[in-house]
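# Per-entry structural report
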Amino acid sequence: MTKRVFNFNSGPAVLPLPVLEEVQRDLMALPGVGMSILELTHRSKTFDRIIRSAESSLRELLGIPNNYNVLFLQGGATLQFSMVPMNLLAKDKSADYIVTGTWSKKAVKEAQRVGTVNIITTPEDSNFSRIPQQDELKLDDSAAYIHITTNNTIFGTEWKTEPSVGNVPLIADASSNILSRPIPINKYALIYAGAQKNIGTSGVALVIIRNDLLDRIPTGLPVMLDYRTHIENKSLYNTPNTFGIYIISLVCQWLQNKGGLAAVQCENEAKAKLLYDVIDALDFYRGHADTNSRSMMNVTFRLPSEELEELFVEEAAIAGFEGLKGHRSVSGLRASIYNAFPREGVEALVSFMKKFEQKYG
Ligand SMILES: *Cc1c(COP(=O)(O)O)cnc(C)c1O
């Protein structure tokens, strides 16, 4: 096998090694099926077992009750920026969007094409370094829904608890932290996530939607953009991303074998702590996110100069660390350490950071 690097990319991102090994082993023919997952019709019993396994694992891992539907759609999280308001933002209402970064801004832009949006945000001068406190949120009791981004992939901030929203449906883009820890599903009316960060490969968007929202969907939407189409057809209205759903089923089994999301949370907390501890211990490094808004999945930090940041990325690549360059809107560095990112890789980066500081600090 060719050597694998430590892949810190923000998405598509590292997958669990046991999943890759299983895919490789079964790629020519799924056991007992005689053909590859890449060749299998989505109308077969085998594929039906795979998609139902992905769904039931997700239901078990996240504790999703029966009054929620689990959908595997296409168009990424980005299409959900449009589908959410098209289905749920009634003409006579407005929706509250809490803007905490680049992805929430994009969600707002699409919602504004559909209806009225009330934007709630933290001061721009903080460059999205924190999640707003409850008392800063001027929420509208009569809003159609409230939209949040649970983890801000680019800025490295994360909601630690859900905002209090009363009876207004809470809708979340959880693309970059879903399955990283247990969450109280019943506080959400709808959760969506692109799969390529923490669930699997690109080309699938997971949507978890509560039944009572369906009554609000207007008639006349294009069939593929109406949630009811996908609920009625169990995500098989047209050909879904069969390979992507297969990967999700394997990733979920891997998580279940680890002991579920509480166990995964412990590992994730420990990994993130290793990195934040070195950032806090050495003046040379400066975390972007406020301490109590720090993301467990995307660790963003700066060095004393842009020259040193470039040098860090270069030397890190030579040492076998890929994908550490931060997004251009924050600059600096970003280490994405999703569920599948191995602890050894975090330990190796920490020791690299200490040596780099000794050399250039
Ligand atoms: C990556 C990301 C998206 C975009 O996902 P696509 O699947 O590429 O459309 C949206 N929101 C968040 C929070 C993300 O991290």
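Worth saying up front: this structure is predicted, and the values here are computed from it rather than measured.

In the region of the ligand, 13 residues are neighbours, and Thr 78, Thr 153, Asp 173, Gln 196 and Lys 197 sit closest. Side-chain polar atom of Thr 78 to an oxygen atom of the ligand: 2.5 Å apart, as the coordinates give it. Contact between the ligand and Lys 197: an oxygen atom at 2.7 Å from a side-chain N or O atom of the residue. Protein chains bury 87% of the 380 Å² of accessible surface belonging to the ligand in isolation. Top contributing element to the shell around the ligand by residue count: helix α3 (residues 76–88), with four residues. Broken down by class, the residue content of the shell around the ligand amounts to three nonpolar, eight polar and two charged.

Both faces of strand β5 (residues 146–149) are covered, namely the face carrying Ile 146 and Ile 148 and the face carrying His 147 and Thr 149. Looking at chain direction, strand β3 (residues 94–99) and β5 are connected through two bridges and run parallel. Residue pairing in the sheet places Asp 96 in a bridge with Ile 146 of β5. Sheet topology places β5 next to strand β8 (residues 170–173); four bridges connect them, and they run parallel. Bridge pairing in β8 places Ile 146 opposite Leu 170.

For the coordinates displayed, the defined rule picks out zero disulfides. Cysteine Cys 252 is unpaired, with the sulfur of Cys 266 as its nearest cysteine sulfur at 19 Å. For Cys 252, a relative accessible area of 0% puts it in the buried group. Since its relative accessible area comes to 51%, Cys 266 is described here as exposed.

This brings us to the domain arrangement of the protein chain. Per the domain assignment, the segments making up the protein chain are domain 1 (33–257) and domain 2 (260–360). Of note, the centres of domain 1 and domain 2, computed from C-alpha atoms alone, are 27 Å apart. Summed over both partners, the interface of domain 1 with domain 2 comes to about 2,100 Å²; 54% of that surface belongs to carbon and sulfur atoms. The interface formed by domain 1 and domain 2 includes zero salt bridges. If you look at where domain 1 meets domain 2, you find 16 residue pairs in polar contact (both at pLDDT 80 or more). At the level of secondary structure, the elements contributing two or more residues to the side of domain 1 that touches domain 2 comprise α2 (45–62), β7 (157–158) and α6 (242–258). Among the elements that make up the side of domain 1 that touches domain 2, the one with the highest residue count is α6 (three residues).

What follows covers α2. Look at α2: 26 Å from first C-alpha to last across 18 residues, which is about the 26 Å you get at 1.5 Å a residue. Residues of α2 that are buried include every one of Thr 46, Phe 47, Ile 50, Ile 51, Ser 53, Ala 54, Glu 55, Ser 57, Leu 58, Arg 59, Leu 61 and Leu 62, and no others. Those residues of α2 that are buried lie in contact with β2 (68–73), β10 (205–210), α6 and α7 (261–281). Remark: Gly 63 follows α2 within two positions and exhibits a positive phi of approximately 65°.

The rules behind the values
- Residues numbered from 1 in each chain as written.
- Predicted model: local features only at pLDDT ≥ 70, side-chain atom pairs only at ≥ 80, totals over all residues.
- Heavy atoms only, no water.
- Near = heavy atom within 4 Å.
- Polar contact = N/O pair within 3.5 Å; in protein donor to acceptor, adjacent residues only side chain to side chain.
- Areas by Shrake-Rupley, 256 points an atom, 1.4 Å probe, with all protein chains shown as cover.
- Helix = DSSP H or I, 4+ residues; strand = E, 2+ residues; numbered from the N terminus.
- Nonpolar A, V, L, I, M, F, W, Y, C, P; charged D, E, K, R; others polar.
- Buried < 20%, exposed > 50% of the residue type's maximum accessible area, 1.4 Å probe, protein only.
- Pairing = 2+ DSSP bridges.
- Disulfide = S-S within 2.5 Å.
- Domains from an automatic or database assignment.
- Buried area = accessible area lost by both parts, 1.4 Å probe.
- Salt bridge = Lys/Arg side-chain N within 4 Å of Asp/Glu carboxyl O.
- Expected span 1.5 Å × (residues − 1).
- Contact = heavy atoms within 4.5 Å.

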